[in-house]
Amino acid sequence: MAQTRSELQAQAQELQATLAELNDRRTIERAKALLMQRQKLSEQDAYNRLRKAAMDRGIKLVDISWKLICAVDDIPRLGARRVARPVGMDIAIFRNDQDQVFALLDRCPHKGGPLSQGIVFGTSVACPLHNWTIGLHTGSAQAPDVGCTQPFQVKVVGGVVYLLAAELADLALEHLLPIAGPALRRATSP
Ligand code: FES
């Protein structure tokens, strides 16, 4: 029996919703992991397979490529190192005493202190300026303080740290690098 116009429209809307849901970094990562596990594909081949399937349906997949940053051992334990970006503030990559790695914008939500110079304990960092405690998973300040700095996704494989290339390029670009010294004097002098 032929479908009515409204049935076809409902199906199209449902399909669109499913595709929108699929085109999400975490979903793509899960689909890629399944392909790698079940079909014994390399990570790149699995991603290429997904991308081709999406292109065949007229969809451009979000970018889920990871950028190699450094070895875990290049980050001081209970400390951090900074990753510079062409645009926007640096990202601070932290390592705790369990060798877990986290990444946050290097900017305290209080008054912009450099979190990369703070002290790491557990899954938090204490800001070096006024000692707020910032959660390394979420970037949120611990109560009673209120505020949040941007967290970034991190992947560690075989002792090597990766960040999502798209997040490096796109996230939290509204915070500009601080200007200090002569540049600041020039900018503020009459
Ligand atoms: S700037 Fe971080 S606690 Fe004030």
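Treat the numbers as computed from the prediction; the structure is a model and nothing was measured.

(A) Examining the overall build of the protein chain more closely. From N to C terminus, the protein chain includes 5 helices and 10 strands. Looking at the 190 residues of the protein chain, the share that counts as buried comes to 23%. Of the contacts made within the protein chain by residues no fewer than 6 positions apart, 45% connect residues no fewer than 24 positions apart.

(B) Up close: the sheet that holds strand β7 (residues 133-135). One open sheet holds the 3 strands; their spatial order is β5-β6-β7, and the pairing between them is antiparallel. In the strand order of this sheet, the two ends are held by β5 (119-121) and β7, each with one partner. This sheet shows a mean twist of 30° between the axes of neighbouring strands, independent of strand direction. The pairing of β5 with strand β6 (residues 124-126) spans 3 bridges and is antiparallel. Residue pairing for β6: valine 120 is matched across the bridge by valine 125.

(C) Broad picture of the confidence of the model for the protein chain. Averaged over all residues, the pLDDT of the protein chain is 82; the fraction at 70 or higher stands at 78%. Segment residues 183-190: pLDDT under 50, and 2 contacts once partners within four positions in sequence are set aside and those in other chains are kept.

(D) View of the sheet that holds strand β10 (residues 160-164). Read from one edge of the open sheet, 3 strands run β1-β10-β9, paired in antiparallel fashion. Every other strand in the sheet has two partners, leaving β1 (66-71) and β9 (154-157) as the edge strands with one partner each. Taken over all neighbouring pairs, the strand axes of this sheet differ in orientation by 30° on average, direction set aside. Pairing analysis gives 4 bridges linking β9 to β10, with the strands arranged antiparallel. The residue of β10 that forms the bridge with valine 157 is valine 160.

(E) Geometry of unusual backbone geometry. Between alanine 143 and proline 144 the backbone carries a cis peptide bond, its omega angle lying at 10°. In this structure, proline 144 sits in the loop between β7 and β8 (151-152). Even without a glycine there, the phi angle at leucine 78 is positive, about 65°. Structurally, leucine 78 can be placed in the loop between β1 and β2 (79-83). Phi at aspartate 99 is positive, roughly 65°, even though this residue is not glycine. Counting through the fold element by element, aspartate 99 comes out in the loop between β3 (91-95) and β4 (101-105). On the basis of neighbour count, aspartate 99 is assigned to the exposed category, with 12 C-beta atoms found within 10 Å.

(F) Spotlight on the nonpolar core. Counting residues in each nonpolar core, the largest one holds 27 residues, and the members touching the most others are Ala92, Ile93, Phe94 and Ala103. Contributions of two or more residues to this core are made by β1, β3, β4 and β10. Tallying contributions element by element places β4 first for this core, with 5 residues. Discounting residues that sit within four places of it in the chain, alanine 103 has contacts with Ile91, Ala92, Ile93, Pro151, Phe152, Val154 and Leu163.

Calculation notes
- Note on numbering: residues in each chain are counted from 1, in written sequence order.
- In keeping with the predicted nature of the model, local features appear solely for residues at pLDDT of at least 70, side-chain atom pairs appear and are counted solely at 80 or more, and the whole-chain, interface and lining totals rest on all residues.
- Here a helix means four or more residues in a row that DSSP labels H or I, a strand means two or more in a row labelled E, and each is numbered from the N terminus.
- Burial in this document is a count-based property: other C-beta atoms within 10 Å of a residue's C-beta are tallied, and the residue is buried at 20 or more, exposed at 12 or fewer, or partly exposed in between, with C-beta positions derived from the backbone.
- What counts as a contact here is a pair of residues whose C-beta atoms, placed from the backbone, lie within 7 Å.
- When DSSP finds at least two bridges between two strands, those strands are taken to pair.
- Working convention: axes come from line fits to C-alpha atoms, limited for helices to the stretch in contact. Angles between N-to-C directions cover 0 to 180 degrees.
- Within a predicted model, pLDDT stands for the predictor's per-residue confidence, ranging from 0 to 100.
- Each nonpolar core comprises buried Ala, Val, Leu, Ile, Met, Phe, Trp, Tyr and Cys residues, the members being joined through C-beta atoms within 7 Å.

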